[in-house]
Amino acid sequence: MNVIYRRIDSPVGPLLIAGDDTGLRAIEFHAPRHPVARGADWREGDHAVLRDAQGQLAEYFTGRRRRFDLPLAPQGTEFQRQVWWELANIPFGGTISYAELAQRLGKPSATRAVGAANGRNPLPIVLPCHRVIGADGSLTGFGGGLPTKQYLLQLEGALPREIDLFA
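Note that the structure is predicted; figures quoted are calculated from it, not measured.

Caption draft 1: Looking closely at the environment of Gly 145. You can see Gly 145 is positioned in the loop between β6 (132-133) and α5 (146-155). Overall, the relative accessible area of 23% leaves Gly 145 in the partly exposed class. Placed 26 residues apart in sequence, Gly 145 and Gly 119 show a C-alpha to C-alpha distance of 11 Å.

This is the structure in structure tokens:
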């Protein structure tokens, strides 16, 4: 099965979105820390899931969408997928810690493993890994960079707009 991808513009820079007949498989920032593996079956083009994703992302960035309604097909281990699906339960405008995410999964001693899986999330924004923060409330690691994480959390109202990470 071919994976179809396209690049789109967004307020956080260019994004690569990819999917196939099973659903959306990837959203990548311009310089991802953990790029999604691409195979010979990847080709640039058009697909209904990409059109839907592009439209819903545009609505999200303008504040008109708080929850995504897309078929999702992230590729990863069973544990990674458990972590990623749990991310979808973090409400718009909310945040939780990595420890709380591990608790929600019933694996309270797996905070580091949860953090590693969170960092490999192939569908950031849609599966909102940006809503996971340090136990002390700090913004920690994010594949799109901390300024992007800050932007997304401010967009959702989880951070006041006047906070500047680099002040």
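Further notes follow.
Caption draft 2: Expanded view of the pattern of salt bridges. Under the definition given, this model contains eight salt bridges. Of the charged contacts in the structure, one is a salt bridge between Asp 20 and Arg 25, with a shortest N-O distance of 2.8 Å. Note that Glu 78 is salt-bridged to Arg 81, the shortest N-O span being 2.9 Å. Taken together, the positions of Glu 78 and Arg 81, both in helix α2 (residues 78-87) and three residues apart, correspond to about one turn of that helix.

Caption draft 3: Structural detail: the pairing of strand β2 (residues 15-20). In terms of burial, β2 is largely enclosed, as six of its six residues are buried. What you see with β2 is no split at all: Leu 15, Ile 17 and Gly 19 on one side and Leu 16, Ala 18 and Asp 20 on the other are buried throughout. Counting the residues that bridge the hairpin from strand β1 (residues 3-8) to β2 gives six residues, and of these Gly 13 lies at a positive phi of roughly 100 degrees. One ladder, built from five bridges, connects β2 with strand β3 (residues 23-28); its direction is antiparallel. Paired with Ile 17 across the two strands is Ile 27, which belongs to β3. Where β2 folds back onto β3 in an antiparallel hairpin, the turn is made up of two residues.

Caption draft 4: Region of the structure containing helix α1 (residues 48-61). In this model α1 runs 20 Å from its N-terminal to its C-terminal C-alpha over 14 residues, within 8% of the 20 Å that 1.5 Å per residue would give. For α1, the complete set of buried residues consists of Val 49, Leu 50, Ala 53, Gln 56, Leu 57, Tyr 60 and Phe 61. Down the axis of α1, the buried side of the element spans an arc of 135 degrees, and every buried residue falls inside it. Of the surrounding secondary structure, the elements contacted by the buried residues of α1 are β1, β2, β3 and α5. A positive phi of about 85 degrees marks Gly 63, the residue just after α1.

Caption draft 5: Summary view of unusual backbone geometry. In the Ramachandran plot, Ile 125 falls in the positive-phi region, its phi being about 80 degrees despite a non-glycine side chain. Counting through the fold element by element, Ile 125 comes out in the loop between α4 (111-119) and β6.

Caption draft 6: Seen up close, the confidence of the model for the protein. The predicted model of the protein averages 92 in pLDDT, with 95% of residues at 70 or higher. Considering each helix and strand of the protein separately, the mean pLDDT is smallest for α4, with a value of 93, and largest for α1, with 98.

Caption draft 7: Fine view of the packing of aromatic side chains. Applying the stated criterion across every chain yields a total of five aromatic pairs. Ring geometry for Tyr 60 versus Phe 61: centroids 5.3 Å apart, planes at 70 degrees, classification edge-to-face. Using a relative accessible area of 10% as the deciding quantity, one classes Phe 61 as buried. By the ring-pair criterion, three or more aromatic residues cluster together here, those being Tyr 60, Phe 61, Phe 68 and Phe 92.

Caption draft 8: Molecular detail of the nonpolar core. In terms of nonpolar packing, the biggest core is built from 37 residues, with Leu 15, Leu 24, Leu 57, Phe 61 and Ile 125 touching the most fellow members. Broken down by element, this core gets its largest block of residues, six residues, from α1. If you look at the next biggest cluster of nonpolar residues, it comprises six residues, including Val 3, Tyr 5, Ala 18 and Trp 42.

Reading the values: the criteria
Residues numbered from 1 in each chain as written. Predicted model: local features only at pLDDT ≥ 70, side-chain atom pairs only at ≥ 80, totals over all residues. Heavy atoms only, no water. Helix = DSSP H or I, 4+ residues; strand = E, 2+ residues; numbered from the N terminus. Buried < 20%, exposed > 50% of the residue type's maximum accessible area, 1.4 Å probe, protein only. Salt bridge = Lys/Arg side-chain N within 4 Å of Asp/Glu carboxyl O. Pairing = 2+ DSSP bridges. Expected span 1.5 Å × (residues − 1). Arc of directions from axis to C-beta. Contact = heavy atoms within 4.5 Å. pLDDT = per-residue confidence, 0-100. Phe/Tyr/Trp six-rings, centres within 6.5 Å; stacked < 30°, edge-to-face > 60°. Core = buried A, V, L, I, M, F, W, Y, C linked by side-chain atoms within 4.5 Å.

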